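# Structural overview
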Amino acid sequence: MSEMDHSEHLIDRIYEAGLIPSLWPAVLGELGATTSGSGGFMFAVRDGYVSAVNSVEYDATMPLFLNDGWSERDPNLPRAIALNHAGFLTDGDLLSDEEIATNDVYCNFYRKYGLGYRAGTIIPIPSGDSIAIVVPRHQDLGPVPREIVTFLDGLRPHLARASLTANRLGFERARAQADALQALGLPGAVLRARGQVFAANGLFEALMPSLFEDRAERVTMTDVTADALLAEALAARPLGDGRIIKSIPVAATANYLPMVLHVIPVRGAARDIFTQASVMLVVTPVDRAAVPTAEVLQGLFDLTPAEARVARGISEARTIEVLAGTLGVSRETVRTQLKSVLTKTGLSRQQELISLLAGKAFPK
């Protein structure tokens, strides 16, 4: 299997686990193997580590980490939260060599269980919680190489979409179709192969017909720009840059805030639960007071970490000149990254990006 085929296989497995949370241990195991590590962890984060799912290698280790005080003393989480980086980080990005060599958790827990190095990321969830995904690596293998971090950054948008669904469904249970939609706590619908609505929860139905219309050929949107992107997404046709749309911005109106529509493919064993389904639609309202800006955009629209930093700066009304100076790059680099952000979000103007992040209607 080529590297590209392997990456596509892993992406399919990630989306499969997003709809069937019981598959996450196996997917985390595959993620670890791909990066020359050994398994992986996924944590729910709310003022610290709350709960976790892990690959089978750590069934005995994880309860010790969460229940014996090690998780409370772990230095990585507060450092990663403070750094607010929209991508994967390694130990060396968070701690000095001296800290790694002398820290109590590293010396007496991580190294004891062969977890001397790791790469991890924090993915904010619109509910205000976060998901932390960590891929450990035995200390004998040395620090996680930068090329592995780059590979993981390429998977992060897919992990973000899938973990959004997993967070709403619950890590350790798979539900029947109707219950799963309602459990999302967000407007959601399951579509048949050609894009017709097969099942929807009450929150999604409340957006019909003001935003969505259930037509014979497929579900459509009253927002013309968003509907064109939805048609491309349902057809799984790549745009000019080769990207396949999976997240679509929806402009605000007098009746609702801006939203992001997630087009989540139903893959593999998920079809056993979501019978006749090909796609799940999930709507996330964009509220600046509750949703971290750059992280949400990076996860939802496949932005690179550099593009996410530009998006954050633009949302704070910084000029291109100020951003170039702050980020230590040329103005032309910032312009190129901003153009890429607009292309990936399906927006046409810088002001629309600012409005999306600020929870306002798009300017006419």
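Residues numbered from 1 in each chain as written. Predicted model: local features only at pLDDT ≥ 70, side-chain atom pairs only at ≥ 80, totals over all residues. Heavy atoms only, no water.

This part is about the overall build of the protein. What the protein contains, in helices and strands, is 18 helices and 12 strands. Burial status across the protein gives 55% buried among its 364 residues. Here the protein has roughly 15400 Å² of accessible surface; of this, 52% comes from carbon and sulfur atoms. (Helix = DSSP H or I, 4+ residues; strand = E, 2+ residues; numbered from the N terminus. Buried < 20%, exposed > 50% of the residue type's maximum accessible area, 1.4 Å probe, protein only. Areas by Shrake-Rupley, 256 points an atom, 1.4 Å probe, with all protein chains shown as cover.)

In this section: the confidence of the model for the protein. Chain-level statistics for the protein give a pLDDT mean of 80 and a share of 79% at 70 or above. The least confident element of the protein is helix α13 (residues 270-273), whose mean pLDDT is 47; the most confident is strand β3 (residues 89-90), at 96. Here residues 169-179 is a poorly scored stretch, pLDDT under 50, and it has 32 contacts once near neighbours within four places are set aside; other chains count. (pLDDT = per-residue confidence, 0-100. Contact = heavy atoms within 4.5 Å.)

This part covers the side chain of R161. Position of R161 among the secondary structure elements: in helix α9 (residues 146-169). The exposure class of R161 is buried, given its relative accessible area of 2%.

So, about the sheet that holds strand β12 (residues 279-285). The sheet built from five strands is open, its strands ordered β7-β6-β12-β11-β10 with antiparallel pairing. Of all strands in the sheet, those with a lone pairing partner are β7 (197-200) and β10 (247-250), marking the two edges. Going from strand to strand, the sheet's axes swing by 20° on average, the running direction of each strand aside. Contacting β6 (188-191), β10, β11 (259-265) and β12, helix α12 (residues 224-235) runs over the sheet at an angle of about 170° to β10. (Pairing = 2+ DSSP bridges. Axes fitted to C-alpha atoms, helices over the stretch in contact; angles between N-to-C directions.)

This paragraph deals with the sheet that holds strand β2 (residues 49-54). If you walk across this open sheet you meet the five strands as β2-β1-β5-β4-β3, and the pairing is antiparallel. Bordering the open sheet on either side are β2 and β3, each of which pairs with just one other strand. With two bridges connecting them, β3 and strand β4 (residues 117-124) associate as antiparallel partners. By the bridge assignment, L89 is partnered in β4 with G120. On the sheet, helix α2 (residues 24-34) packs against β1 (41-45), β2 and β5 (130-137) and is oriented at approximately 80° with respect to β2.

The topology assignment puts P136 in strand β5. For P136, a relative accessible area of 0% puts it in the buried group. Residues P136 and T90, 46 residues apart in the sequence, show an inter-C-alpha distance of 9.8 Å. With sequence-adjacent residues up to four places away left out, P136 is seen in contact with G37, S38, G39, G40, F41, Y58, L115, Y117 and R118.

Looking now at the packing of aromatic side chains. Across all of its chains, the model carries 12 aromatic pairs by this definition. A ring pair is formed by F65 and F109, whose centres lie 5.6 Å apart and whose planes are at 40°; its orientation type is tilted. Note that F65 is positioned in helix α3 (residues 61-67) and F109 in helix α8 (residues 104-110), a separation of 44 residues in sequence. Judged by its relative accessible area of 5%, F65 is buried. Within the aromatic cluster, the residues linked to one another by ring pairs are F41, F43, Y49, Y58, F65, W70, Y106, F109, Y110 and Y113. The ring of W70 has R73 sitting right over it, with the charged end atom 4.6 Å from the ring centre. Between R118 and the ring centre of Y110, over which it is positioned, the NZ or CZ distance is 3.8 Å. (Phe/Tyr/Trp six-rings, centres within 6.5 Å; stacked < 30°, edge-to-face > 60°. Lys NZ or Arg CZ within 6 Å of the ring centre and 35° of its normal.)

By the definition in use, this model includes nine salt bridges. Taking the shortest distance from any N to any O, the salt bridge between D91 and R118 comes out at 2.8 Å. You can see D91 sitting in helix α6 (residues 91-94) and its partner R118 sitting in strand β4, a full 27 residues away along the chain. Of the residues examined, R118 reaches a relative accessible area of 6% and is grouped as buried. For E213, the salt bridge goes to R215, with nearest N and O atoms at 2.6 Å. Since its relative accessible area comes to 42%, R215 is described here as partly exposed. Salt bridges here are not isolated pairs; linked through shared partners, they connect R13, E16 and E30. (Salt bridge = Lys/Arg side-chain N within 4 Å of Asp/Glu carboxyl O.)

Moving on: the packing of helix α15 (residues 305-315) against helix α17 (residues 331-345). Viewed as axis vectors pointing N to C, α15 and α17 meet at an angle of 90°, and their least axial separation amounts to 9 Å. Taken together, α15 and α17 sit at an angle that is classed as roughly perpendicular. Only V334, Q337, L338, S340, V341 and K344 of α17 make contact with α15, whose side of the interface consists of A306, E307, V310, A311 and I314. Among the residues forming the contact of α15 with α17, the class breakdown is seven nonpolar, two polar and two charged. (Parallel < 35°, antiparallel > 145°, perpendicular 65-115°, else oblique. Nonpolar A, V, L, I, M, F, W, Y, C, P; charged D, E, K, R; others polar.)

Below, the discussion takes up helix α5 (residues 76-83). Within α5 the residues assigned to the buried category are N76, L77 and A80. Seen along its axis, α5 keeps its buried residues to an arc of 95°; they face one direction. Where α5 is buried, its residues contact β1, β2, β3, α6, α8 and β4. Looking one or two places after α5, you find N84, whose phi comes out positive at around 55°. (Arc of directions from axis to C-beta.)

To continue, consider the pairing of β1. In terms of residue burial, β1 counts as a mostly covered element, since five of its five residues are buried. The alternating pattern of β1 places F41, F43 and V45 on one face and M42 and A44 on the opposite face, and all of these are buried. Relative to β2, β1 runs antiparallel, the two sharing five bridges. When the bridges of β2 are listed, V45 appears paired with Y49. Relative to β5, β1 runs antiparallel, the two sharing five bridges. Note that in β5 the partner of F41 across the bridge is V134.

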